[in-house]
Amino acid sequence: MSKAYDRVEWGFLERAMLHLGFDRRFVVTIMSCIKSVSYSVLLNGVPSRTIKPSRGLRQGDPLSPYLFLLCAMGLQGLLHKAEADGAIRGVSICRNGPRVSHIFFADDSVLFCRAKQYECQLSGNMRNIWGNLHLWGEKRSKGLPTLRREFGRRSNVGRRNSYLKLEIEVMICKFWWGYNGDNKKVHWVKWEKLCQAKDCGGMGFKEIEKFNDALLAKQVWCMLKNPESLCHRVFKARFFPNCTILEANPLTNGSYAWKSILSAREVVRKGMVWQIGDGKTVSLKEDKWLPDQVYRSVSSPLPSIPPNAKVSRFIDEKNGKWKEAEIRRNFLPHEAKKIMSIPLSTRLPQDSPIWSKTPSGIFSTRSAYKLLVNEASASSLGSSNPHPQRNLWRGVWMLRTPNKVKHFHLESLQQLTPNNGQFVSSANNPFCLLQYLSSPNRRYSACCVGLSRGCKAVEYSYLGESLNPSLTRGFF
């Protein structure tokens, strides 16, 4: 990025802003800010003469990233023009897939073209580009793995194996319980309990597997909402050319990124609801499209309707209204009333997916993760009325006290504070209490427990005095 910033020509940047339609007075103001820079070099602590640059953008300037994007747009336009004129050819991962000539990242760019001298000359830096292409090889097929890797990195997907998930969780647990090298600590709460929400008695840690599924579901949602994006067009041409991503069949020879994306489709199906436009995309019996918070799918028998029927079967395309007579004849009365309450537009736009777990209908990773957590907690045993407990946990976290005091209250309410019964049941070792009290972060909570139980050993430990074996003899 530093080299790219230093090589920005001021004349090119000025002409690019004028071409994009910026007002001339605005362009003059911006260029005056750019050209007013000067440098001086310190020699033996004495500044030398002022150096006036003739090109480049200053690093750290808040305007520099936006101005650099204008230069990147100019480069993108030149590449599109060269591709349209047939001067360069991109790379396609399949026969009918779109050709990709370049991919821009935040601090990097990848160009795809044939290993021909005249194509490399179009980049303006023949030596560097030719060297990179020479590493890929003369054959076109050798550039395809690079394209696949770049798309996999851009989509930021990948189902991590169980070993990596376990390693990350172990690192979090060690940090939370205060591991220091080989000095191990007692895990007073299991990992599943720490991953619960704060209003449910946990610490709100993320479960790695569920959070990864939520991130993968976001990629599926982006493909559904942005069918014109490059990522969607590339995957569609290769893996589901004749259907949508929700209807695509898993392939044995699919890429790692594609298999990871397919594994998250079920998360999207659980929270997605269709907004009816023309009804040609939504399945009448299988999809969720009814305006009901509980029963969103059709439960009417519909014996005379084929299984693959669409909602458009009951829409009058000429008037943009529902066919009320057919709806009342085929559906149950309560479902017919809900269907006719759905408003239709006379323009009959395409059906659109809506995320039902957010008020705005826009997908969010947080809501998808919460959906997975609630589904897992619903299948586990728990209180039949968790609302009083939630009020209790929320009250603890809203206390205007240090976090150590809040953690002590949580441990006390969950009966996790170290006492005589827990130490004896967990490990019949009289020195485990001494190890627990050696941590300065635990002395306050141990003092509170000791004072409440009348334990002089803990009281003396909090005051900084050495433990007397005669005092601990009756405690263990």
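In this text the structure is predicted, and so the values were computed from the model without any measurement.

## A short note on the overall build of the chain
And step 1. If you tally the helices and strands in the chain, you get 23 helices and eight strands.
And step 2. Burial analysis of the chain (476 residues in total) assigns 36% to the buried set.
And step 3. Residue pairs in contact within the chain that sit at least 24 positions apart in sequence constitute 54% of those at least 6 positions apart.
And step 4. About 30,200 Å² of surface is accessible on the chain, with carbon and sulfur atoms providing 54% of the total.

## Some remarks on the nonpolar core
Where a protein is soluble and globular, its nonpolar side chains tend to be buried together.
And step 1. With 47 residues, the main nonpolar core has Ile245, Ile276, Leu284, Trp289, Trp322 and Phe331 as its most contacted residues.
And step 2. Of all the elements in the fold, those that place two or more residues in this core are helix 10 (208-225), helix 11 (230-239), helix 12 (256-262), helix 13 (265-271), strand 5 (272-275), helix 15 (333-340) and helix 16 (365-379).
And step 3. The dominant element in this core, judged by the number of residues it contributes, is helix 10, at seven residues.
And step 4. If we ignore the near neighbours within four places in the chain, the residues touching Ile245 are Val220, Met223, Leu224, Phe240, Trp258, Ile261, Leu262 and Arg265.
And step 5. With 15 residues, the next largest nonpolar core counts Val8, Met17, Phe68 and Cys71 among its residues.

## Re unusual backbone geometry
And step 1. Positive phi values are uncommon outside glycine, yet Asn44 reaches one of about 55°.
And step 2. Here Asn44 is to be found in the loop between strand 1 (42-43) and strand 2 (46-47).
And step 3. Backbone geometry places Leu302, a non-glycine residue, at a positive phi of 50°.
And step 4. Here Leu302 is to be found in the loop between strand 5 and strand 6 (315-316).

## Details of the state of the cysteines
And step 1. By the definition in use, this model includes zero disulfides.
And step 2. Of all cysteine sulfurs, the one in Cys195 lies closest to Cys173, which takes part in no disulfide; the gap is 7.6 Å.
And step 3. The class of Cys173 is buried, set by a relative accessible area of 10%.

## A closer look at the packing of helix 10 against helix 16
And step 1. Contact pair helix 10 / helix 16: the axes reach a minimum separation of 8 Å and the direction vectors enclose 135°. Between helix 10 and helix 16, the interaxial angle falls into the category oblique. Remark: the crossing between helix 10 and helix 16 carries right-handed chirality. Residues Lys210, Phe211, Asp213, Ala214, Leu215 and Lys218 of helix 10 touch helix 16, and the partners they reach there are Thr365, Ala368, Tyr369, Leu372, Val373 and Ala376.
And step 2. When its residues are assigned to classes, the contact of helix 10 with helix 16 shows eight nonpolar, one polar and three charged.

## Re helix 11
And step 1. Listed as buried for helix 11 are His232, Val234, Phe235 and Phe239. Around the axis of helix 11, the buried residues are gathered within 165° of arc, so they sit on the same side.

## Let's talk about the pattern of salt bridges
And step 1. Under the counting rule described, the total for this entry stands at nine salt bridges.
And step 2. The residue Glu207 makes a salt bridge to Lys210 at a minimum N-O spacing of 3.1 Å.
And step 3. Residue Lys338 pairs with Asp292 through a salt bridge whose shortest N-O separation is 2.3 Å. Of the two residues, Lys338 sits in helix 15 while Asp292 sits in the loop between strand 5 and strand 6, which places them 46 residues apart along the sequence.
And step 4. By relative accessible area, Asp292 is classed as buried at 14%.

## Some words on the packing of aromatic side chains
And step 1. Taken as a whole and assessed by the stated rule, the structure comprises 14 aromatic pairs.
And step 2. Here Phe314 and Phe331 contribute two aromatic rings whose centre-to-centre distance is 5.2 Å and whose plane-to-plane angle is 65°, an arrangement assigned as edge-to-face. Of this pair, Phe314 sits in the loop between strand 5 and strand 6 while Phe331 sits in the loop between helix 14 (324-330) and helix 15, and the two are 17 residues apart along the sequence. Each of the two residues, Phe314 as well as Phe331, counts as buried.
And step 3. One aromatic cluster is present, formed by Trp176, Trp177, Trp191 and Phe205 through successive ring pairs.
And step 4. If you follow Lys198 out to its NZ or CZ, it ends over the ring of Trp397, 4.6 Å from the centre.

## Topic: the confidence of the model for the chain
And step 1. Mean pLDDT for the chain: 78, with 75% of residues reaching 70 or above.
And step 2. Residue range residues 125-144 is modelled with pLDDT below 50. Its contacts to residues more than four positions away, or to other chains, number 29 contacts.
And step 3. Across residues 427-476 the pLDDT falls below 50, and counting only partners more than four positions away or on other chains, this stretch makes 50 contacts in the model.

## Things to note about the packing of helix 2 (residues 10-19) against helix 4 (residues 64-84)
And step 1. Where helix 2 contacts helix 4, the two axes come as close as 10 Å, and the packing angle between them is 80°. Here helix 2 is positioned roughly perpendicular relative to helix 4, judged by the angle of their axes. Contacts between helix 2 and helix 4 involve Phe12, Leu13 and Met17 from the former and Leu67, Leu70, Cys71 and Gly74 from the latter.
And step 2. Looking at the contact of helix 2 with helix 4, its residues break down into six nonpolar, one polar and no charged.

## A look at helix 10
And step 1. Spanning 18 residues, helix 10 covers 26 Å between terminal C-alpha atoms, matching the ideal 26 Å at 1.5 Å per step.
And step 2. Of all the positions in helix 10, only Lys210, Asn212, Asp213, Ala214, Leu216, Ala217, Gln219, Val220, Trp221, Met223 and Leu224 are classed as buried.

## Points about the environment of Phe112
And step 1. By the element assignment, Phe112 lies in the loop between strand 4 (109-111) and helix 5 (117-121).
And step 2. Owing to a relative accessible area of 2%, Phe112 belongs among the buried residues under this scheme.
And step 3. Sequence separation between Phe112 and Ile88 is 24 residues; the distance between their C-alpha atoms is 8.7 Å.

## Quick notes on the environment of Arg55
And step 1. Within the fold, Arg55 resides in the loop between strand 2 and helix 4.
And step 2. Judged by relative accessible area, which is 42%, Arg55 ranks as partly exposed.
And step 3. Every residue in contact with Arg55, bar those within four places of it in the chain, is listed here: Asp6, Arg7, Val8, Glu9 and Trp10.
And step 4. Side chain to side chain, Arg55 and Glu9 meet in a polar contact 3.2 Å long.

Reading the values: rules and limits
Residues numbered from 1 in each chain as written. Predicted model: local features only at pLDDT ≥ 70, side-chain atom pairs only at ≥ 80, totals over all residues. Heavy atoms only, no water. Helix = DSSP H or I, 4+ residues; strand = E, 2+ residues; numbered from the N terminus. Buried < 20%, exposed > 50% of the residue type's maximum accessible area, 1.4 Å probe, protein only. Contact = heavy atoms within 4.5 Å. Areas by Shrake-Rupley, 256 points an atom, 1.4 Å probe, with all protein chains shown as cover. Core = buried A, V, L, I, M, F, W, Y, C linked by side-chain atoms within 4.5 Å. Disulfide = S-S within 2.5 Å. Axes fitted to C-alpha atoms, helices over the stretch in contact; angles between N-to-C directions. Parallel < 35°, antiparallel > 145°, perpendicular 65-115°, else oblique. Left-handed = near helix turned anticlockwise from the far one by under 90°. Nonpolar A, V, L, I, M, F, W, Y, C, P; charged D, E, K, R; others polar. Arc of directions from axis to C-beta. Salt bridge = Lys/Arg side-chain N within 4 Å of Asp/Glu carboxyl O. Phe/Tyr/Trp six-rings, centres within 6.5 Å; stacked < 30°, edge-to-face > 60°. Lys NZ or Arg CZ within 6 Å of the ring centre and 35° of its normal. pLDDT = per-residue confidence, 0-100. Expected span 1.5 Å × (residues − 1). Polar contact = N/O pair within 3.5 Å; in protein donor to acceptor, adjacent residues only side chain to side chain.

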